[in-house]
There are 2 protein chains.
Amino acid sequence: MSDYTAPLEDMMFVLQDLAGLDTVAKLPGCEEATPEVVRQILEECGRFSSEVLAPLNHSGDKEGSIWRAGEVTTPSGFREAYRQFVEGGWNSLQFPSAYGGQDLPKLVATPAMEMWQSANLSFSLCPLLSTGAVEALLIAGSEAQKRTYLPKLVSGAWTGSMNLTEPQAGSDLALIKTRAERQADGSYRVRGQKIFITYGEHDLAENIVHMVLARTPGAPEGVHGLSFFIVPKFLVNADGSCGARNDLACASIEHKLGIHASPTAVMVYGEREGASGYLVGEENAGLAIMFIMMNAARFAVGLQGLGVAERAYQKALAYAKERLQSRDLSGAPGPAPIIRHPDVRRLLMGMKARIEAMRALACVTAASMDIARRHPDEAERARQQAFVDFLIPVVKGWCTECGVEVASAGIQVHGGTGFIEETGAAQYYRDARITTIYEGTTAIQANDLVGRKLAREGGATARAVAGMMRATEAELAKQAGEDFAAIRARFAEGIEAFSACVEWIDRIYAADAKAAHAGSVPFLELAGIVCGGWQMARAALAAQRRLEAGDGESGFCRAKITTARFFAEHLLGRTPALRAAIVEGAGSVMALGEDRF
Amino acid sequence: MSDYTAPLEDMMFVLQDLAGLDTVAKLPGCEEATPEVVRQILEECGRFSSEVLAPLNHSGDKEGSIWRAGEVTTPSGFREAYRQFVEGGWNSLQFPSAYGGQDLPKLVATPAMEMWQSANLSFSLCPLLSTGAVEALLIAGSEAQKRTYLPKLVSGAWTGSMNLTEPQAGSDLALIKTRAERQADGSYRVRGQKIFITYGEHDLAENIVHMVLARTPGAPEGVHGLSFFIVPKFLVNADGSCGARNDLACASIEHKLGIHASPTAVMVYGEREGASGYLVGEENAGLAIMFIMMNAARFAVGLQGLGVAERAYQKALAYAKERLQSRDLSGAPGPAPIIRHPDVRRLLMGMKARIEAMRALACVTAASMDIARRHPDEAERARQQAFVDFLIPVVKGWCTECGVEVASAGIQVHGGTGFIEETGAAQYYRDARITTIYEGTTAIQANDLVGRKLAREGGATARAVAGMMRATEAELAKQAGEDFAAIRARFAEGIEAFSACVEWIDRIYAADAKAAHAGSVPFLELAGIVCGGWQMARAALAAQRRLEAGDGESGFCRAKITTARFFAEHLLGRTPALRAAIVEGAGSVMALGEDRF
């Protein structure tokens, strides 16, 4: 029995009509990504997610991962599911064939990742972390490191982990204390404690390749004195097999609000002779490599927000269709399925509209990642990379905040039943809550957006995004009918609010960074809503084109236009207030003395 | 060790400067409620809450209540705490002296209830349910019933429970199936199953007085065929002592997302000979009595939203002052306490502003309850009762939604640490989540507000509220300075949005109730924000008067004005968008076919 069905129809629509699958498939190396092949892959992935991963979600939550004497046992069924995941080639989808991957575009991997996250957030964190490790090594690893680690990480035979956080160093990596001392053979001895290490220890794979940020002796203070190390659980023999156990241990795992099946480890490096670590890139240049890994992870965590929202929506929808309570206000006799009641309908529309906007935004970003990586023209690559860099904090921050909101709405649709753990709706609410925190809280994303992605470049990319949105608005203006007029009116307000904030932040940043940052999270929300609304507007236009061409399912296309209108009226409408809070409200954020709280 | 301190300064300010404690103390029977006496009571209550209730909150969550063979054992310490609660006279604060109560106004009981909820939400549910039972019996019970049950319920020697929900009858009481058959002696035999019964079984008190909605043979279908029964766990002997066990049993308790210490029972009545029940009022007139009980409980659940928010705020604030991460953007060297970082400050301001607005709104409502009950002039009583009736769904709906939001912000301030259960922040988030559901979901409150409280009376009370708000706006206009100008601008927008929605709902309701209800929850949110903003505006004016008179703590008064401005700029600013969503957005809520979800 599975209660998750992959939303293939919407995924294919987004890939083809919004994210430009045809353009991506023309990129060097992506030629196999035809619509037919992609649909087959996603169908298969949906089946796997529904049949193998989804049934372990609730049981995995109840059982949790268990720590005992340094070993972690994942919940029943996880080992077998991971074996099938690796065997099915799912881990290697988006990686280069040079290391055993399938060379598929990020655009195709993105809906696949969404499915795994929907089906089983805790499970899917394991490949999520491996992906970060692969991306870091692909870009920054030496040839020998790539040869040693990539084939195993790409297949999934080994998994990866990210070791940044320490008790005193969370958002502030400058405070990292873990030490790495160079040995005569060029390797390092790593000593220190890392916390909150997702899948830092587990029983799913033969080896765990830890990516560890540490300081070498004499390194400068702060983030520019961090170096990036590979520290494998088992040292690797010359023939590539696993050798001696490295000097690292999982001291405990955390007892958490959610994602119980995903072990969150306290890792201790070098309690004896020091853990053997291998420098990636240069000493003191770890931050940039960390960011490669981190950006991959941030995008994937954004997909978690989307994934958990989709799952919560499917569960709430099924309940709303089946639960009979109270009469239909339109007068039909007898208790009605609660989906007929206006507020339940509003909740479901709000869930559906956010999900479709998130999916479109994530896939459009993924397509730009593919172009930024593979396009023959350097200027085009740079242009797309700037777009990606701007959107990653938005995808991470906005989609995860929406994920929490949608999971909460899912409980609300269930009423009292939603508060009972057996129902399962509460798990999504608990699981979703971590996504706005790890890989950088929403505030960290917002600071990145406002500081690095906007102020540092004088707002250039943000203005380019606004320009693209205005082009969509011009297309809306050409459409007849109330729906498009309503969408256009709210979208235009949204662009206006976004642009006004961009100009204000650009203007004020140098003189008063605190004021700009006081509105950073509201600005991220504004950017998320406007960019999401933009994609919904594009979706409505595409749906209209299909309707006019008599192409595609007309029910789907009409629903898309209605959903875009709902998004405009119920979400885009918030943008003027966000603008006012950002531009006029900064003062009252910072005015109160610390002693008056 | 306690990590909860009652916010006495703000409570006394609200009671005296906003809720008219002096006016309430002039009501017949309230003469003892002088500021000095009230402060003493609240200080003592704060001590009790901090020292006795708060330390059991986290341990109670971990341990939970345990069901075994029909008996429920509450977590360690709960029995002793309840004994002290009763012994201290806390249960009887607001009840009539005729039954052993202390005759204190609801206005004084309200901050006391807030403290218990802050200190221990699970514990405080027990007296919350007893309060509902007392209020129902005070108004609708026979003299004999009052004599038998009230002294014990008032002291807390016995507790009460509310038995409405059945598996097929949640929000829809029309579907209740529990049967009650009249016996020769005038008592009834009750048979049926009730679910989600808070403190339906426990070990804190000698007897549990269940208030049960059931149908008599031949009763009309729907809610007008419901009768209201007293069904005690132990039958009561002629001398008032507990006699034979009644034929009712707790079949199990639920495994829930939160409030683990509060047992949520499945109750089975009449598995053998039928449970002995005693009719309150007339047959088929149970709904009105249920509403007396329910309104008391709804107000108290609104206070739970406030209470859990205050606790979450105190915890987050302590962490924000102590946790050092990243530099202060103003340039001071070394890692700063995170309260200096703009987004943490914004989160804390948002929590603080909501809490102060909720507290003020709840206390102003409580004062009106006192006047509505005790004022010598009938017209004044009626006027105040209409105000209370209008505000109860707002207090319940808005304060609980805010409670969830504030508890979530509390986790966010903690970052990764907030997701770890040992920290305690996650418990508030889990506990808070039930408050928007039980005693009527937010949608049920909103339907009550839009249907019964607005449309049914043609918007009269809503218009009266708007008139009172305009009077406050006129006072704001007389004040000099930027703060008051900013508050006034946003408040005026808020009143305008509120009034526009009132007129629209009043106009459209008869022709298209679905459209009105599609915006009912957004309208409740709008009403909450505007009424909360109104109280914050009044608070700012009162603080300004104190500053001018050189009366009271100037730091407190200035902070109040700043907080009111924050509320205006960051919350009141949302009202135009809510208005648009309500008035223009109803169509897109209902437009999609059920099969397109």
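Shown above is the structure to which this text applies.
What comes next concerns the included structure.

1. Here's the deal with the overall build of chain A
Here is step 1 of the chain: Looking only at helices and strands, chain A features 20 helices and 14 strands.
Here is step 2 of the chain: When the backbone C-alpha atoms are referred to their principal axes, chain A occupies close to 80 × 60 × 60 Å.
Here is step 3 of the chain: A total of 597 residues make up chain A; the buried ones form 62% of that total.
Here is step 4 of the chain: Restricting to contacts in chain A with at least 6 residues of sequence separation, those with at least 24 account for 76%.

2. Some thoughts on the environment of T198 of chain B
Residues and elements named next belong to chain B.
Here is step 1 of the chain: On the secondary structure map, T198 appears in strand 5 (residues 188–198).
Here is step 2 of the chain: Taking the C-alpha atoms as reference points, T198 and G307, 109 residues apart in sequence, are found 18 Å from one another.
Here is step 3 of the chain: Residues within four places of T198 in sequence aside, it is in contact with L125, L129, S161, S262 and T264.

3. Things to note about the nonpolar core
Here is step 1 of the chain: In terms of nonpolar packing, the biggest core is built from 422 residues, with F229, A309 and C363 of chain A together with F229, A309 and C363 of chain B touching the most fellow members.
Here is step 2 of the chain: Every residue in contact with F229 of chain B, bar those within four places of it in the chain, is listed here: A180, Y188, V190, V212, A214, G277, Y278, L279 and V280 of chain B.

4. Considering the packing of helix 13 (residues 442–452) of chain A against helix 17 (residues 520–549) of chain A
All names here are of chain A.
Here is step 1 of the chain: Relative to each other, helix 13 and helix 17 sit at 80°, their axes nearing to 8 Å. The angle between the axes of helix 13 and helix 17 places the two elements in the roughly perpendicular class. Of the residues in helix 17, those touching helix 13 at T442, A443, Q445, A446, N447, L449 and V450 are S520, V521, F523, L524 and A527.
Here is step 2 of the chain: Residue composition of the contact of helix 13 with helix 17, grouped by class: 8 nonpolar, 4 polar and no charged.

5. Digging into the relation of the copies chain B and chain A
Here is step 1 of the chain: Each copy of the sequence occupies a distinct position, and chain B is placed on chain A by a rotation of 180° and an axial shift of 0.0 Å, giving an RMSD of 0.0 Å. One copy is carried onto the other by what is essentially a two-fold rotation axis.
Here is step 2 of the chain: By residue overlap, the copies meet face to face through one surface: 100% of the interface positions of chain B are interface positions in chain A.

6. Observations regarding unusual backbone geometry
Residue and element names in this part refer to chain A.
Here is step 1 of the chain: At A69, a residue that is not glycine, the phi angle is positive and equals roughly 50°.
Here is step 2 of the chain: Within the secondary structure, A69 sits in the loop between strand 1 (66–68) and strand 2 (71–73).
Here is step 3 of the chain: Here A69 falls in the exposed class, since 6 other C-beta atoms lie within 10 Å of it.
Here is step 4 of the chain: Although it is not a glycine, N284 adopts a positive phi angle of roughly 65°.
Here is step 5 of the chain: With respect to the helices and strands, the residue N284 is situated in the loop between strand 12 (275–280) and helix 9 (286–322).
Here is step 6 of the chain: The class of N284 is partly exposed, set by 17 C-beta atoms lying within 10 Å.

7. Some details on helix 11 (residues 378–414) of chain B
All names here are of chain B.
Here is step 1 of the chain: In a regular helix each residue adds 1.5 Å, so 37 residues correspond to 54 Å; helix 11 covers 52 Å between its end C-alpha atoms and thus fits that length.
Here is step 2 of the chain: The largest bend in helix 11 is about 30°, located at L391, with the proline P393 one to four residues further on.
Here is step 3 of the chain: With 27 of its 37 residues buried, helix 11 lies for the most part within the structure.
Here is step 4 of the chain: Immediately downstream of helix 11, the backbone of G415 shows phi near 60°, a positive value.

8. With respect to the packing of helix 11 of chain B against helix 13 (residues 442–452) of chain B
Residue and element names in this part refer to chain B.
Here is step 1 of the chain: Close contact between helix 11 and helix 13 brings their axes to 9 Å; oriented N to C, the two are set at 150°. On the basis of their axis angle, the class for helix 11 and helix 13 is roughly antiparallel. Crossing hand, helix 11 versus helix 13: left-handed. Along the contact surface, helix 11 presents P393, V394, K396, G397, T400 and E401, while helix 13 presents T442, Q445, A446, D448 and L449.
Here is step 2 of the chain: Broken down by class, the residue content of the contact of helix 11 with helix 13 amounts to 4 nonpolar, 4 polar and 3 charged.

9. With respect to helix 19 (residues 575–583) of chain B
Here is step 1 of the chain: Buried residues dominate helix 19 of chain B, accounting for 9 of its 9 residues.
Here is step 2 of the chain: The complete set of buried residues in helix 19 of chain B reads T575, P576, A577, L578, R579, A580, A581, I582 and V583 of chain B.
Here is step 3 of the chain: The inward-facing, buried residues of helix 19 of chain B contact helix 18 (554–570) and helix 19 (575–583) of chain A together with helix 15 (482–508) and helix 17 (520–549) of chain B.

Criteria and thresholds
- Residues numbered from 1 in each chain as written.
- Chains lettered and ligands numbered in written order.
- Predicted model: local features only at pLDDT ≥ 70, side-chain atom pairs only at ≥ 80, totals over all residues.
- Helix = DSSP H or I, 4+ residues; strand = E, 2+ residues; numbered from the N terminus.
- Buried ≥ 20, exposed ≤ 12 C-beta atoms within 10 Å, placed from the backbone.
- Contact = placed C-beta atoms within 7 Å.
- Core = buried A, V, L, I, M, F, W, Y, C linked by C-beta atoms within 7 Å.
- Axes fitted to C-alpha atoms, helices over the stretch in contact; angles between N-to-C directions.
- Parallel < 35°, antiparallel > 145°, perpendicular 65-115°, else oblique.
- Nonpolar A, V, L, I, M, F, W, Y, C, P; charged D, E, K, R; others polar.
- Least-squares fit on C-alpha atoms with pLDDT ≥ 70 in both.
- Expected span 1.5 Å × (residues − 1).
- Bend = angle between axes of the 7 residues up to and from the residue.
- Left-handed = near helix turned anticlockwise from the far one by under 90°.

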